[in-house]
Amino acid sequence: MKVSFIDFGAENSGTIFLFYSEQEGLLLDQKSKNDIAIQKIFEKHIKLSGSSKYKPQALDTFTSSNNDYDRIIFFKIRDLLKKDENGWINIGGQVLQYLQNNRITEVSIRLETTIKNIELMTLPARIAFGMGLKSYSFDKYKTSKAIKGVNHVKFITHHYVTTQNIYKEYNSTLNSVNLARDLVNEPSNILTPFEFVSRIKNLSTPNLKIKILDQKKMSQLAMEALLAVSHGSRLDPYVAIMEYLPIKDQKPLLLLGKGVTFDSGGISIKPSGGMDEMKGDMAGAATVVGLMKALEEKKPNLNVIGIVGLVENMTDGNAMRPGDIIKSMSGKTIEVLNTDAEGRLVLADLATYSLKNYQPRAIIDLATLTGAILVALGQEMAGLFANDDNLAEQLLKSGKETGEHLWRMPIGEKYMEMIKSKVADIRNVGGRYAGAITAAEFIHAFVEDVPWAHIDIAGTSITSPKTDTNNSWASGFGVRLLCNYIDDLSKN
Ligand SMILES: [Zn+2]
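Given the structure is predicted, the values throughout are model-derived calculations rather than measurements. (Residues numbered from 1 in each chain as written. Predicted model: local features only at pLDDT ≥ 70, side-chain atom pairs only at ≥ 80, totals over all residues.)

1. Concerning the overall build of the protein chain
Defined as follows: Put simply, DSSP marks the helices as runs of H or I at least four residues long and the strands as runs of E at least two long, and each gets a number from the N terminus on. Note on method: radius of gyration uses C-alpha positions; expected globular size equals 2.2 Å times residues raised to 0.38. For every residue, the other C-beta atoms within 10 Å of its own C-beta are counted; 20 or more classify it as buried, 12 or fewer as exposed, and values in between as partly exposed. C-beta atoms are placed from the backbone. Each residue gets a C-beta atom placed from its backbone, and two residues are in contact if those atoms lie within 7 Å.
What the protein chain contains, in helices and strands, is 14 helices and 18 strands. The globule rule puts the C-alpha radius of gyration for 492 residues at 23 Å, and the 25 Å found for the protein chain is close to it. The C-alpha extent of the protein chain, read off along each of the three principal axes, is 85 × 50 × 40 Å. By the burial criterion, 49% of the 492 residues in the protein chain qualify as buried. Of all intrachain contacts in the protein chain linking residues separated by at least 6 positions in sequence, the fraction that spans at least 24 positions is 79%.

2. A word on the nonpolar core
The tendency in soluble globular proteins is for nonpolar side chains to be buried side by side. Under the convention used in this document: Residues of type Ala, Val, Leu, Ile, Met, Phe, Trp, Tyr and Cys that are buried and joined through C-beta atoms within 7 Å form what is called a nonpolar core. Throughout the structure description, domain borders are defined by an automatic or database domain assignment.
Within the largest apolar cluster, 143 residues are counted, with the highest numbers of intra-cluster contacts made by Ala128 and Val289. Taken domain by domain, this core gets at least three of its residues from each of domain 1 (2-163) and domain 2 (191-491). Those residues in contact with Val289 that sit more than four places away from it in its chain are Leu179, Ala180, Leu183, Ile200, Gly306 and Val308.

3. Describing the packing of helix H4 (residues 160-185) against helix H14 (residues 479-491)
For clarity, the cut-off: Throughout, an axis means a line fitted to C-alpha atoms (over the contacting stretch in the case of helices), and angles, computed between N-to-C directions, take values from 0 to 180 degrees. Each angle is binned into one of four classes, with values under 35 degrees roughly parallel, values over 145 roughly antiparallel, values of 65 to 115 roughly perpendicular, and all other values oblique. Left-handed describes a crossing whose near helix is turned anticlockwise from the far helix through less than a right angle; right-handed describes the clockwise counterpart. In the scheme used here, Gly and all other residues not listed as nonpolar or charged are polar, with Ala, Val, Leu, Ile, Met, Phe, Trp, Tyr, Cys and Pro taken as nonpolar and Asp, Glu, Lys and Arg as charged.
For the pair H4 and H14, interaxial distance at closest approach is 9 Å and the crossing angle is 140 degrees. In terms of their interaxial angle, H4 and H14 are classed as oblique. Both H4 and H14 take part in a crossing whose hand is right-handed. Of the residues in H14, those in contact with Thr173, Ser176, Val177 and Ala180 of H4 are Val479, Arg480 and Cys483. Residue composition of the contact of H4 with H14, grouped by class: 4 nonpolar, 2 polar and 1 charged.

4. A closer look at the sheet that holds strand S10 (residues 253-263)
The strands making up a sheet are joined through hydrogen bonds of the backbone, oriented either antiparallel or parallel. The following threshold applies: The pairing criterion for strands is at least two bridges between them, as found by DSSP.
Taken in spatial order, the 8 strands line up as S8-S9-S11-S10-S14-S18-S15-S16 in an open sheet, and their pairing is mixed. Looking at the sheet topology across the chains shown, the edges are occupied by strand S8 (209-213) and strand S16 (406-408). Averaged over all adjacent pairs, the angle separating strand axes in this sheet is 20 degrees, with direction ignored. Relative to strand S11 (residues 304-313), S10 runs parallel, the two being bridged by 10 bridges. Across the sheet, Lys258 pairs through a bridge with Gly309, a residue of S11.

5. Details of the packing of helix H11 (residues 389-402) against H14
Closest axis-to-axis distance for the H11/H14 pair is 9 Å, and the angle between their directions is 120 degrees. The pairing of H11 with H14 is recorded here as oblique in orientation. The two elements H11 and H14 cross, and the hand of that crossing is right-handed. Touching Gln394, Leu395, Ser398, Gly399, Glu401 and Thr402 of H11 are Arg480, Leu481, Asn484, Tyr485 and Asp488, all from H14. In the contact of H11 with H14, the residues fall into 3 nonpolar, 5 polar and 3 charged.

6. Notes on the sheet that holds strand S12 (residues 325-327)
One open sheet holds the 3 strands; their spatial order is S12-S13-S17, and the pairing between them is mixed. Two strands lie at the open edges of the sheet, namely S12 and strand S17 (426-427), each paired on one side alone. Across 2 bridges, strand S13 (residues 333-335) lies against S17 in parallel orientation. Residue pairing in the sheet places Glu335 in a bridge with Arg427 of S17.

7. Points about the environment of Ala125
Within the secondary structure, Ala125 sits in helix H3 (residues 123-135). Overall, the presence of 28 C-beta atoms within 10 Å leaves Ala125 in the buried class. The sequence separation of Ala125 and Ile89 amounts to 36 residues, and the corresponding C-alpha distance is 8.7 Å. In this structure, Ala125 is in contact with Thr163, Ile166, Tyr167 and Tyr170, ignoring residues within four places of it in sequence.

8. A few points about the environment of Cys483
Within the secondary structure, Cys483 is located in helix H14. In this view, Cys483 contacts Thr173, Leu291 and Ala294; residues no more than four positions away in its chain are not counted.

9. Some points on the pairing of S10
Note the cut-off: Handedness of a crossover is defined as follows: orient the strands so they point away from the viewer, and if the path from the first strand over the helix to the second runs clockwise, the crossover is right-handed.
Here S10 lies mainly inside the structure; 11 of its 11 residues are buried. In this fold, the crossover linking S10 to S11 by way of helix H8 (residues 283-298) has right-handed handedness. Direction of pairing for S10 relative to strand S14 (residues 362-367): parallel, over a ladder of 5 bridges. Paired with Leu255 across the strands is Ile364, a residue of S14.

10. Observations concerning the domain arrangement of the protein chain
Bring the parts together and some accessible area is lost; that lost area is often taken as the interface size. Partitioning the protein chain into structural domains gives domain 1 (2-163) and domain 2 (191-491). Here domain 1 and domain 2 have C-alpha centroids that lie 40 Å from each other. Listed as interface residues are 12 residues of domain 1 and, on the opposing side, 8 residues of domain 2. Class assignment for the residues of the side of domain 1 that touches domain 2 results in 4 nonpolar, 6 polar and 2 charged.

11. So, helix H5 (residues 193-201)
In an α-helix, one full turn covers 3.6 residues, which means residues spaced three or four apart are oriented alike. Definition in use: The arc refers to the directions leading from the helix axis to the C-beta atoms.
Pro193, Phe196, Val197 and Ile200 are the residues of H5 that are buried. Taken end-on, H5 shows its buried residues confined to a sector of 100 degrees, consistent with a single buried face. Away from the buried face of H5 by more than 90 degrees, exposed residues Ser198 and Lys201 are located.

Quick look at the structure:
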């Protein structure tokens, strides 16, 4: 979908989109002859469209030959004056859905008003961003494309130069969300750990340095917890490190992502129903990769390092067994009671690697870690676990601002006791209860005293419901959240 921002007068034909609110009327401040005619058409429509209870969201009309436009769509905005940034982004998604439903491929959108508090410079960019998020679809493997999407959207605005610049920021977030969605939507036979690594390498620039650890290097580093997960797979595991370090001598923020490219459960094999969804068990890694790409483009003043563990969890004669005891990179021994609780093994070694090689100001990990978080929070919110209130507060705030909501869950010593092992230092599952919390406590055991947050995105990143801004199985959850968080952090 092409997006352009153009001046008044540059385009006066075709299909035009205008907004209205029931309280404030039509959002129009121009006074040309044509505009006065549009105002009259609008008033007629409102009169004829019945009581507000039954009014459709859009009043869609073809005009007579003496109007410059061929078709006018009046689109209702509820609670106009209460809309925040995310509210306008959602409006963009609704507009896109309307255009798609009505097979409209090209449109001009006018957003103008004399109402104060309506920021005419930022709003078109927000609407365009919402349209972009909603227009994403993953159809590369379809030989015939079913849906004809919107080709071109033109925003007609007095502030077209400023708006264009504001949109650039949103556009790089959009591309990063879509990169994360692409990675998660890919099937596991295509997106192997090796293929994942080569896509990460493509992002390399002088500002974003990429380092890769292969199996040999990981063995030298004694990353046995991560390596144990890969034993049952024919595919080699990798760790990819993405360094964005614009500032000298500043402790970096570390972002860790679980990248299990397929999770069969291993010897503790999953039931076959829904197992296909486990191609998305690398969504945490995809979010981190998407985010690092955004940082490279936005260039915030903050040192950030993203590390992802890419591995396939399969079952064969070499696979790790329930009951095995493995020694993690930290030296702590782990009793593996369930080989399907493998993501935490990957993250444990990534955390240790982070502590040994960098001095993180904080660690945030993202993972499709537990089904238990779905039981607790459904698909509306991701679970947030943290050992630092300040970090948790900032992330919760960012969730509210972006609509990628988090809910803080408890951690604590009593939960840590649930994963004590009789034969090793720690065990990888805690039993039937509090599964999302004991999973978090497992990672907690490896981050030591560094401020840390764990975001369980098992419910929010895959098998996603359709929303105003998402039509995709993989939502790309977390990219906007962390872009916003890092933006705040870099300004304070
Ligand atoms: Zn698993």
